[in-house]
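# Tertiary structure, described
Now for the letters of each chain:
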Amino acid sequence: MRVLSGVKPSDRPHIGNYFGAIRQFLEFQHRHEGFYFIADLHALDQVRDAARLREYSFGVALDFLALGLDPKKAVLFRQSDVPEVTQLQWVLGTVTPMGLLERAHAYKDAVAKDKSVDFGLFAYPVLMAADILLYDSDRVPVGQDQTQHLEIARDIAIRFNRTYGKDFDPKTGEGGVLKLPSAVVLEETGIVPGTDGRKMSKSYGNTIPLFGTDAEWRKSVMGIVTDSVPVEAPKDSRKSTVFALLKLFSTPEEIAEIERQYRAGGVGYGSFKERLLRKIQETFGAARERRRQLERDPVEVERVLAEGASRARAVAGQVLGRVLRACGLRV
Ligand code: ADP
Ligand code: TRP
């Protein structure tokens with residue numbers, strides 16, 4: 001089974017990205033063949049500064065490696081290092097109805113907010129479909145907000161197979177040119193809340209950075225919005241963002257104990273925040289140090305990415321060849 005996923009280097013990653021997506025990749029690499037990439041072509045739509053894009057792309061590679069992605073097991077590469085992906089995107093675009101893309105959340109939101117919409121944003125799901133289909137991916141671990149993109153990718157694959165796969169059976173997915181992928185979403189961490197209680201997102205400015213400095217971590221955690229229930233009074237853990245975040249880092253026994261403290265009262269939100277801060281430091285402190293060390297060896301990181309790109313291209317070339325032959329662009 002082949003697992004694939006990508007992270008857009010549009011900013012520094014946050015703990016929502018980690019629990020919603022990255023952590024799953026890292027677990028999968030031990031059991032399945034993994035293809036993980038830095039979605040730099042997708043980021044172009046948001047980052048319009050060459051130096052920053054380079055910095056963020058390299059940063060995502062550092063993040064993956066520091067968190068334990070093993071380049072001997074999984075294939076780690078930059079999306080733009082595999083030019084086959086944009087070629088496949090074009091071919092897929094020719095079987096993608098406008099209506100399918102007009103219903104995509106990101107595009108609809110931009111239109112609703114009167115933002116200027118470019119072709120890159122409109123075609124975003126087609127490029128993402130190409131990312132996935134180019135490697136015959138079986139499973140794609142993502143956060144909940146990406147499930148629509150996965151459905152679109154499946155839909156595009158079905159349309160391509162219906163058009164060009166003579167033996168394609170849409171019920172079983174057998175006999176197609178392109179393999180039908182499915183999303184993997186973890187229920188409990190599908191949506192990690194940010195410091196203001198909304199979904200943690202770069203675009204809301206409510207993030208806790210994955211590899212922040214101690215001061216940044218403290219500032220974000222202390223800024224988590226709470227209600228004004230006094231220290232001694234009982235508190236409702238179900239409505240608490242601090243609790244929702246603590247839960248991510250805690251064992252079932254620890255969760256039960258924290259829940260008890262919420263119910264009993266006598267412990268203030270400040271103490272729960274301190275506890276969360278310690279958990280963040282324990283969980284990401286060592287990886288942060290590894291990241292610092294890797295940062296000093298950019299040549300090695302580039303070597304890993306170059307090797308990843310060549311392994312990725314070996315697969316991409318075969319799948320693209322199949323596609324080009326199926327539609328008559330190649331004999
Ligand atoms: P953002 O929303 O901050 O811009 P991205 O769109 O770059 O984040 O998301 C990268 C990955 O992390 C995706 O798989 C996405 O679903 C996941 N993700 C992002 N935010 C969260 C969140 N708050 N909870 C769970 N998963 C998330
Ligand atoms: N769109 C994804 C995000 O915003 C990133 C991404 C690009 C991706 N291509 C992908 C994720 C393919 C999974 C598979 O997070």
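Residues numbered from 1 in each chain as written. Chains lettered and ligands numbered in written order. Predicted model: local features only at pLDDT ≥ 70, side-chain atom pairs only at ≥ 80, totals over all residues. Heavy atoms only, no water.

## What about unusual backbone geometry?
One non-glycine residue, Asp114, lies in the positive phi region at around 60 degrees. Along the polypeptide, Asp114 turns up in the loop between α6 (105-112) and α7 (119-133). Among the residues examined, Asp114 registers a relative accessible area of 73% and is labelled exposed. In this structure, Asp136 is a non-glycine residue whose phi angle is positive, near 50 degrees. Position of Asp136 relative to the elements: it lies in the loop between α7 and β4 (139-141). (Helix = DSSP H or I, 4+ residues; strand = E, 2+ residues; numbered from the N terminus. Buried < 20%, exposed > 50% of the residue type's maximum accessible area, 1.4 Å probe, protein only.)

## Focus on the site of ligand 1
Near ligand 1, the surroundings consist of 17 residues, among which His14, Gly143, Asp145, Val192 and Lys202 are the closest. Here a nitrogen atom of ligand 1 sits 3.3 Å away from a polar atom, N or O, in the main chain of Gly16. A distance of 2.3 Å separates an oxygen atom of ligand 1 from a polar side-chain atom of Asp145. About the coverage of ligand 1: the protein hides 93% of its 540 Å² of free accessible area. A per-class count over the shell around ligand 1 returns five nonpolar, nine polar and three charged. (Near = heavy atom within 4 Å. Polar contact = N/O pair within 3.5 Å; in protein donor to acceptor, adjacent residues only side chain to side chain. Areas by Shrake-Rupley, 256 points an atom, 1.4 Å probe, with all protein chains shown as cover. Nonpolar A, V, L, I, M, F, W, Y, C, P; charged D, E, K, R; others polar.)

## Topic: the pairing of strand β2 (residues 33-38)
The element β2 is largely enclosed, with a buried count of five among its six residues. In the sheet, strand β1 (residues 2-7) pairs with β2 via six bridges, with the strands oriented parallel. Residue pairing in the sheet places Val3 in a bridge with Gly34 of β2. Each parallel crossover has a hand, and the one from β1 via helix α1 (residues 15-28) to β2 is right-handed. Pairing between β2 and strand β3 (residues 75-78): four bridges, direction parallel. (Pairing = 2+ DSSP bridges. Right-handed = clockwise from strand over helix to strand, strands pointing away.)

## As for the side chain of Asp138
Take Asp138: it is sitting in the loop between α7 and β4. A polar contact of 3.1 Å, which involves the side chain of Asp138, links it to the side chain of Lys179. With sequence-adjacent residues up to four places away left out, Asp138 is seen in contact with Met1, Arg2, Lys179, Pro181 and Ser182. (Contact = heavy atoms within 4.5 Å.)

## Comments concerning the pattern of salt bridges
What the rule picks out here adds up to 22 salt bridges. A salt bridge links Arg260 to Glu257, with the shortest nitrogen-to-oxygen separation between them at 3.4 Å. Residue Arg260 and its partner Glu257 are both found in helix α11 (residues 252-264); the two are separated by three residues, about one turn of the helix. The partly exposed category is assigned to Glu257, whose relative accessible area is 30%. Where Glu300 meets Arg303, a salt bridge forms, and the shortest distance between an N and an O atom there is 2.9 Å. A residue pair is termed a helical-turn pair when its members lie 3 or 4 positions apart in one helix, as Glu300 and Arg303 do in helix α13 (residues 298-326) at three residues. One salt-bridge network, held together by shared partners, links Asp45, Arg48 and Asp118. (Salt bridge = Lys/Arg side-chain N within 4 Å of Asp/Glu carboxyl O.)

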